[in-house]
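Coordinate inspection notes
Residue strings, one per chain:
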Amino acid sequence: MSEYDPTGADAHVTGDAGGDEYTAPQDADAITADYGTGTETLVDTNHDGYADEVILHQDGGPDEYFTHSFGDGHELDTVALDYNHDGQPDAVAADTDHDGHIDTIDVDRNHDGIVDEVIHLDPAGHVEEVDLDNNFDGQQDMEITSSGHDGVLDTVHYDHPAASTATAGQSGHESLSPYAAN
């Protein structure tokens, strides 16, 4: 078993996939593997020996940015996905309560940098609530919920639902990922 010695590691990493380039923070340790069809970069920003960021650039697939955004520990609990390779996330999924399951997904369906769909999942992976900005005006205008908390979406609320805790209509995915700031 070998150990990685970050001494002198080059923190500037470029990927060949889609012409994307990633520059790690100046004092971070980074290592990149080039698989020919994409790259994988692991970045240790706080020098504790654990990856704080993992960046996957895939030819023909979405770019993925994994980070540790919630709570203590080293788990990479958030992933930002860039499907159209414009450098901005199109979806951000997170395990905000560290139970090992994605519980929130933010989506930018029209690629304008504003979240227009938020999906809330229960620990079993069932959709509990979907908050939508269907006309892309920056205001949430629909909430669909599962009244029985069974994953069956059966109740629709229209016109700026007041009881929602959604982020649909808010710019960016700042609450979920440091890479998602638009």
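Reading guide: rules and limits
Residues numbered from 1 in each chain as written. Predicted model: local features only at pLDDT ≥ 70, side-chain atom pairs only at ≥ 80, totals over all residues. Heavy atoms only, no water. Helix = DSSP H or I, 4+ residues; strand = E, 2+ residues; numbered from the N terminus. Buried < 20%, exposed > 50% of the residue type's maximum accessible area, 1.4 Å probe, protein only. Polar contact = N/O pair within 3.5 Å; in protein donor to acceptor, adjacent residues only side chain to side chain. Salt bridge = Lys/Arg side-chain N within 4 Å of Asp/Glu carboxyl O. Core = buried A, V, L, I, M, F, W, Y, C linked by side-chain atoms within 4.5 Å. Pairing = 2+ DSSP bridges. Contact = heavy atoms within 4.5 Å.

Despite not being glycine, His-98 has its phi angle at roughly 55°, a positive value. Note that His-98 resides in the loop between strand S8 (91-94) and strand S9 (104-107). Of note, His-149 is a non-glycine position whose phi angle comes to about 50°, a positive value. You can see His-149 is positioned in the loop between strand S12 (142-145) and strand S13 (155-158).

On to the environment of Asp-122. Within the secondary structure layout, Asp-122 lies in the loop between strand S10 (117-121) and strand S11 (127-132). On the basis of relative accessibility, which here comes to 14%, the residue Asp-122 falls in the buried class. A C-alpha to C-alpha distance of 8.5 Å links Asp-122 and His-101, two positions 21 residues apart in sequence. Here His-126 takes part through its backbone nitrogen, which lies 2.8 Å from a polar atom of the side chain of Asp-122.

Let's shift gears to the pattern of salt bridges. Within this structure, the stated rule accounts for 2 salt bridges. Asp-116 is the partner of Arg-109 in a salt bridge, and the nearest nitrogen-oxygen pair spans 3.0 Å. Residue class for Arg-109 comes out partly exposed when judged on its relative accessible area of 32%. By relative accessible area, Asp-116 is classed as buried at 1%.

By size, the foremost hydrophobic cluster in this structure holds 7 residues: Ala-28, Ala-30, Val-43, Ile-55, Tyr-65, Ala-80 and Val-92. Core analysis: the next-biggest nonpolar cluster, separate from the first, contains 6 residues, Leu-121, Val-130, Leu-132 and Met-142 among them.

With 5 of 6 residues buried, S11 is to be regarded as a mostly interior element. Bridge count for S10 against S11 is 5 bridges, and the pairing is antiparallel. Bridging across to S11, Glu-117 finds its partner in Leu-132. Turn length for the S10-S11 hairpin, with the two strands adjacent in sequence and antiparallel, is 5 residues, and the turn residue Gly-125 shows positive phi of about 90°. Here S11 pairs with S12 via 4 bridges, running antiparallel.

The next subject is the side chain of Ser-146. Within the element layout of this structure, Ser-146 appears in the loop between S12 and S13. A distance of 3.3 Å separates a polar side-chain atom of Ser-146 from the backbone nitrogen of Gly-151. Other than its neighbours up to four places away in sequence, Ser-146 contacts Val-127, Glu-128, Gly-151, Val-152, Leu-153 and Asp-154.

This next bit is on the environment of Asn-135. Its place among the elements puts Asn-135 in the loop between S11 and S12. Assessed through its relative accessible area of 48%, Asn-135 is described here as partly exposed. The spacing of Asn-135 and Asp-116 is 19 residues in sequence and 8.8 Å in space, taken between C-alpha atoms.

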